[in-house]
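# A look at the structure
Below are the chains, spelled out letter by letter.
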Amino acid sequence: MKIKPLALAAALVLALTGCSGSGPDASEKGLDDPEKKDIAMRLVSSAENSSLDWKAQYGYIEDIGDGRGYTAGVIGFCSGTGDMRAVVERYAKARPGNPLERFLPALRAVVGGDSHEGLGEAFTDAWAKAAEDTAFRRAQDAERDASYFDPAVARAEKDGLSALGQFIYYDAYVMHGYADAKGTVGFRTIRAEAVEAADPPSEGGDEEDYLHAFLDARVEALRAEPSHNDTSRVETAQRVFVEQGRLQLETPLVWKVYGESFRIDGP
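Worth saying up front: this structure is predicted, and the values here are computed from it rather than measured.

Across the interface, helix α2 (residues 34-49) lies against helix α7 (residues 163-176) with an axial gap of 11 Å and an inter-helix angle of 40°. The orientation of α2 with respect to α7, classified from their angle, is oblique. Judged by the twist between their axes, the crossing of α2 over α7 is right-handed. Counted together, Ala 40, Met 41, Leu 43, Val 44 and Glu 48 of α2 and Phe 167, Tyr 170, Asp 171 and Val 174 of α7 form the full contact between these two elements. Across the contact of α2 with α7, the residue classes break down as seven nonpolar, no polar and two charged.

Here it is, written out as structure tokens:
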């Protein structure tokens, strides 16, 4: 059982600091800072695409055999989870009659599985070609932010987490989704298990202790999913940053994921 801080001690901290204690110091930059966000995107791309050049991934698409159908784009939108369909719907609104729009009925039909029915090579070719269109790239960015980046950062800010913690939440959102699905454990459950093990900073807890608890819960979630049971995305990347105390994602950042080594020296 967690030991909660004494109310008197918490009140004293508030009196001395004049702040709520529910977020990072005002002088610190959150993940929505453009430079921090770019670092976050490079970190995610290292795991999703084995490359730091995330802006080169809009046209990426393949079935990686994880039961989610096609995986594509800057954060790995999937035909089986519905976010790929959402990207194409956004694109259709911005560019009616675009070559991907005709695949929307098939994309709606395959949500929940790994089927390629109604898609196939014609669809993957159209996706890759669409990446040349600024409107399609903007559609991917908008879906990434609305479904993953913005809610992850907002939840992390409520938990009092700095840029590293915000990134850790974001990466979990990207890989696991918010809610549990068949055969998977979602962000909501991972966070609930972390909160049971350690107080987040918004409740007076130590940020590094809390992040280790969150990463412990995420490792268990990874091990529960056969298609994603490699834990290097946590153990030789994010946990390394926590152990080094890089709570502001201070560069240089050096890590390994899925057997490959990466380094970011600056913005």
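With that settled, the discussion passes to the environment of Arg 155. Tracing the sequence through the fold places Arg 155 in helix α6 (residues 134-158). Take Arg 155: its relative accessible area is 27%, and that puts it in the partly exposed class. For Arg 155, the contacting residues outside a window of four places in its chain are Tyr 169, Phe 187 and Arg 191.

With that settled, the discussion passes to the pattern of salt bridges. A complete count under the given rule lists 20 salt bridges for this structure. A salt bridge links Asp 145 to Lys 37, with the shortest nitrogen-to-oxygen separation between them at 3.1 Å. Of the two residues, Asp 145 is situated in helix α6 and Lys 37 in helix α2; the sequence distance between them amounts to 108 residues. Here Asp 145 and Lys 37 have matching classes, each one buried. Across the salt bridge formed by Arg 155 and Asp 159, the nearest N and O atoms sit 2.8 Å from each other. Shared partners join several salt bridges into a network, and the residues in it are Lys 37, Asp 141, Arg 144 and Asp 145.

A few words now on the confidence of the model for the protein chain. It should be kept in mind that the predicted coordinates are not to be read in detail where pLDDT is low. Considering every residue of the protein chain, the mean pLDDT works out to 90; 89% of them sit at 70 or more. With pLDDT under 50 throughout, residues 1-24 is counted as low confidence; its partners more than four residues away or in other chains account for 29 contacts.

Our next topic: the sheet that holds strand β2 (residues 70-72). Across the sheet, three strands lie side by side as β1-β2-β3; this open sheet has antiparallel pairing. Every other strand in the sheet has two partners, leaving β1 (61-63) and β3 (77-78) as the edge strands with one partner each. By the bridge criterion, two bridges tie β2 to β3 in an arrangement that is antiparallel. For Thr 71, the partnering residue across the bridge sits in β3 and is Cys 78.

The rules behind these values
Residues numbered from 1 in each chain as written. Predicted model: local features only at pLDDT ≥ 70, side-chain atom pairs only at ≥ 80, totals over all residues. Heavy atoms only, no water. Axes fitted to C-alpha atoms, helices over the stretch in contact; angles between N-to-C directions. Helix = DSSP H or I, 4+ residues; strand = E, 2+ residues; numbered from the N terminus. Parallel < 35°, antiparallel > 145°, perpendicular 65-115°, else oblique. Left-handed = near helix turned anticlockwise from the far one by under 90°. Contact = heavy atoms within 4.5 Å. Nonpolar A, V, L, I, M, F, W, Y, C, P; charged D, E, K, R; others polar. Buried < 20%, exposed > 50% of the residue type's maximum accessible area, 1.4 Å probe, protein only. Salt bridge = Lys/Arg side-chain N within 4 Å of Asp/Glu carboxyl O. pLDDT = per-residue confidence, 0-100. Pairing = 2+ DSSP bridges.

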